[in-house]
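Here are the chains, one letter per residue:
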Amino acid sequence: MQPADSPLSLADVSTWRPRLSAARILQLSGSKQLVSKNDAGQQLYIWDWSLGSQQDMELFISPSTSNGTTDSSSASATQLQFLDPAILSSDSVGVVQRLLGLKRVQPEQLVEHFLSLQETGDFTDQKHLQQLLFVFRNCSKLKADAAEQQLKSRLFLRTGAVESDTYHRVNLAYAPLAVGHNSIPAALADDLTAAGVHFLHVQYRDCAQDANIQGGSELWGWLRRLGLKDLTRAEAAKHLLSLYDSSSTRDSMTQQQHMQHLQFLAAAYDERHITDQQLQSLYVYSEQQPAAQAAPAAKCSQLRWPVSGWCSRIMLAQSIESQLRTAGWSFVHPCYHQNLGDERHAMRAMLFRAGVQQSKPLQVVSKLLELHSSSKHQQEAAAALSITAQDLVLLQLEYLADSYGKVSAVVRNQLADLCQKQFRLQSSSGEWALASKLHLPPHDSTSRDLLADLGQSGGGLQLVAADFAEFATDDGQRLMLTKLLGVKQADTAVVIRAVADLHSRSSDVLSIQQRLRHLGYLARHASVLQESESLLSLVQQSILLPSSIGNYCRADQLFLPLGSHFHSLQEDMDAAGMCFLDSIVSSDSSISSAGVRKEVLDSLLTVLGVKRADESRVVQYMMKLHASGRGTDTASQLAHVHFIEANWHNLNDSTKSLVRKQLQLRLQPPIDRRRCSSSSSFSSSVADSSNISEGVDSGSDAAVSEEFWAAPSSMYELPAANSQEWSLQGTMQQAGMKFLHTMYGSGENGA
C-alpha cells in the first residue's frame, strides 16, 4: 500500500477498489475478526465523531455473526456496521473512503435505523431511551424535514407506570402531569392512566431532570414538537368520568379517589370544561352507604341535596329530612357538603347539574303534602318517627316559617297555592281539615266565649287545635299560617259573619237569651258593622228580632215600642200593620243578658234598621187603618182624634195633608123634631146629644145605627148652646149642613 500522502490517480483507484473490496482487511467495531467490504454489505459506514462518542456509535451497531454477517433476526430493520475506530487514523480515513467507497454515516440514517428497530421490537427499554436521547441531541443536524416527519409519524415512546413496558406512538402519549401546563393534580395520574390516558414513563422525566444529560431541560419541548400532548383539564375530566361508566372500575374505587375526582370535576365544571350531558354518567354515595368501605353506587338523579342546604336550623332540617325519607326521598352522603370549605359551592353546583335534585322549600313542601293525602298516611309517617301526628305537622309548620322569609314573592305565591289546596291541620274538634278552612281563635275572650256559644248551637267557626293556636302566638309564625296556609284570623268581622250564618241557618232553635247575647256582641262592635256595607247587609238579612205580635222579623220591618204617651194606641197600630219590636228586647233583664247599656243596644237596633215611631209615623199608620175602614169604632176613633189634636203641631206637612184627606169624623145626629116642639123637649134633646158618647161607648145598637161619618173639611162645629143658631140646628141639618159630633169637644188646635 502506498503511503498516505502519495497521490493516487483515478486509474489506480479503479484498479485497486475491486481487489480491496474482496480482501478481508477491515475490522468492524465490536468484532475482532477481519471482514471484507463485500462481506459487510452496503450498510458499512465510518462513524462521524461530530455526532457522538464511541458509546453512542455502539447504540446503532446491528448484531452480527462471527463471520461478520448480519443476524437474520434483524433482517427487517435497517442494518448498520461501522469500521473499528481504533484502527483508523485521521489520515487513513480519507484513503478508505476513496479506495473502498465507504461514507460517513448521516444523522438521517441513524434516525431511520432507530425507527426501524422500534417497528421490529429489537430493542431494550434502556437502549431505546439512549437512542432517543442521541437523536434528540443531534436533531439540529438533521438536514431534511423528512426525517423529522418520520419521527412524528413513527416514533414510539414508553408509557405507563414504572414497571410498564408498553409503547405508544408519540401523538397518542401525554406528558406527565408534573411537567404539564394544565394544573391537573398529580394525584390523579394513576386514575387517569386507568381511564386510558398514556402518560410518558417516568424515565423521560428523570432524563429531563438529569443535569448530566446535555439539553435535558429542552427534551419536553422537542417531544411536544414531535406530537407529545399535554393533557387538558377538559380531557382529564372526560377520562375521569369514563371511570364511572363501568361497574368494574367503580367497584374498585375508594372514597378518597372519588372525592379527588369530584373536587377536580367541580372545578372543571366551574371552568366550563365539561357539559351537563357528560356529568350524567357520574355515580355518587347515598347517605345510606358506608362511604369509607364501599364504592359510589347511586346515580345522581336518584338522590336529593339535604334540606339543610336551605334551612338554617340544622335540627329542624334533619327532622324534615326524616319525614321526607318516609315519603321516599334519599339524600346524598354528608361527604359532599360537610367539611369542604369554599369548594362546597362548586361541588353543589356540579352535583345539581349531574342530576342531584334540590331540596328547596317548594320541592320539600310538595313532597310533604303527600303526607297530608290521608290521615292514615300521616299517622304512619308519625309512627315511623316515633312522634305524634300533631308534632309531625308542627315541625312542618316550623320549616315553613323558617323558609317564608328566604324565598322570593313568586315562590311564596306558589307555596301558598299548594298549601291552601292541600295542607291539613287539626281543628279544635279533633278532626283534620284543610288549613284554609280553619280559623285562629279571636284575641279577645268575649269573642272566644261567643264562638263557644255558637258551637253549642251547631254554628260558629272551625278553629285550629290548641297546639297550632299556640304555635301562632309568634307574629312571624302567625303571618306564615295566614299567608301561606290560608288560615284565617277570627277577628270581629269573622265572628259577626259566624253569628249571621248561624241565625240564617238555625234561627228557629235559638233562645231569646242567646239572641240577646248575640245582639250584645253586635252592639259592642257596631262600628265594625258600619265600616262594611256588605257585612251590615248580611247581618240585616240574617238577624231576626222578636215582634210585639209574637213572630220574628227583620230589623228594617220593626219599630221601637211606642212610649207611654202612645201606649193606648199600641193595639190599633198593630192592627194597622205597624210592626213593633217586642218590649222584652229593651227590658232591664234583657239588657243585662246582652251585657251592654240600653243606649248602646238602642244604637245597634237603629244601625240594623229598627225605626223610631214618632208622631207623624203613628198618624200615617192611623190613616191606613182609617182607609181600610177598621178605625171607626167610637172609642178608637176618639182616641185617634185626641192624639192628632194633641200632637198637631209636631206633625210634618205631608202627614197633616194625609189627615185632611183621609180622616173620617163622626157627625152630630139629626135632631128629632118631635122632641124639639117645646123648650123642655129642646133641653132634653141637648142633654141627650151631649151624653151620646156614653151611649156609644156602651155599645148600644141604637147609637151605632145613628152613626154617620164625614171628612173634617165638610163639617161645621155645633152652634153654641142656647144661641139663636142652636135653635136652628135642625133646620140647618135638613138643609144639608153637617156638624161635628159633640163627643170631640172644641177644636182649639185647628185640626
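Before any of the text, the structure's been laid out above.
Below is a short write-up of the structure.

Calculation notes
- Residues numbered from 1 in each chain as written.
- Predicted model: local features only at pLDDT ≥ 70, side-chain atom pairs only at ≥ 80, totals over all residues.
- Heavy atoms only, no water.
- Helix = DSSP H or I, 4+ residues; strand = E, 2+ residues; numbered from the N terminus.
- Buried < 20%, exposed > 50% of the residue type's maximum accessible area, 1.4 Å probe, protein only.
- Contact = heavy atoms within 4.5 Å.
- Areas by Shrake-Rupley, 256 points an atom, 1.4 Å probe, with all protein chains shown as cover.
- Core = buried A, V, L, I, M, F, W, Y, C linked by side-chain atoms within 4.5 Å.
- Pairing = 2+ DSSP bridges.
- Axes fitted to C-alpha atoms, helices over the stretch in contact; angles between N-to-C directions.
- Parallel < 35°, antiparallel > 145°, perpendicular 65-115°, else oblique.
- Left-handed = near helix turned anticlockwise from the far one by under 90°.

Before going further, it helps to spend a moment on the overall build of the protein chain. In terms of helices and strands, the protein chain carries 38 helices and 17 strands. Counting the 751 residues in the protein chain, one finds 46% classified as buried. Taking the intrachain contacts of the protein chain between residues at least 6 apart in sequence as the baseline, contacts between residues at least 24 apart amount to 71%. Accessible area for the protein chain stands at about 36,600 Å²; split by element, carbon and sulfur atoms hold 49% of it.

What follows covers the nonpolar core. Residues Leu397, Leu425, Leu481 and Leu485 are the most contacted members of the largest nonpolar core, which totals 46 residues. For this core, the leading source of residues is helix α19 (residues 389-404), giving 8 residues. What Leu481 contacts, discounting residues up to four positions off in sequence, is Leu397, Leu425, Leu440, Phe468, Phe471, Ala472, Gly486 and Val487. With 43 residues, the next largest nonpolar core counts Leu177, Tyr244, Leu265 and Tyr285 among its residues.

Turning to the pairing of strand β6 (residues 156-159), a few remarks are in order. Two elements, β6 and strand β7 (residues 166-169), share 4 bridges in a ladder whose sense is antiparallel. Residue Phe156 lies in a different strand from β7, and its bridge partner there is Arg169. Between β6 and β7, which pair antiparallel in sequence order, lie 6 residues; one of them, Gly160, sits at a positive phi of approximately 100°.

It is worth spelling out the packing of helix α17 (residues 361-368) against α19 at this point. Across the interface, α17 lies against α19 with an axial gap of 11 Å and an inter-helix angle of 160°. By the angle between their axes, α17 is roughly antiparallel relative to α19. Where α17 crosses over α19, the two elements pack in a sense that is left-handed. Of the residues in α19, those in contact with Pro361, Val364, Val365 and Leu368 of α17 are Gln396, Tyr399, Leu400 and Ser403.

Take it as geometry only, folks, not as evidence of what the structure does.
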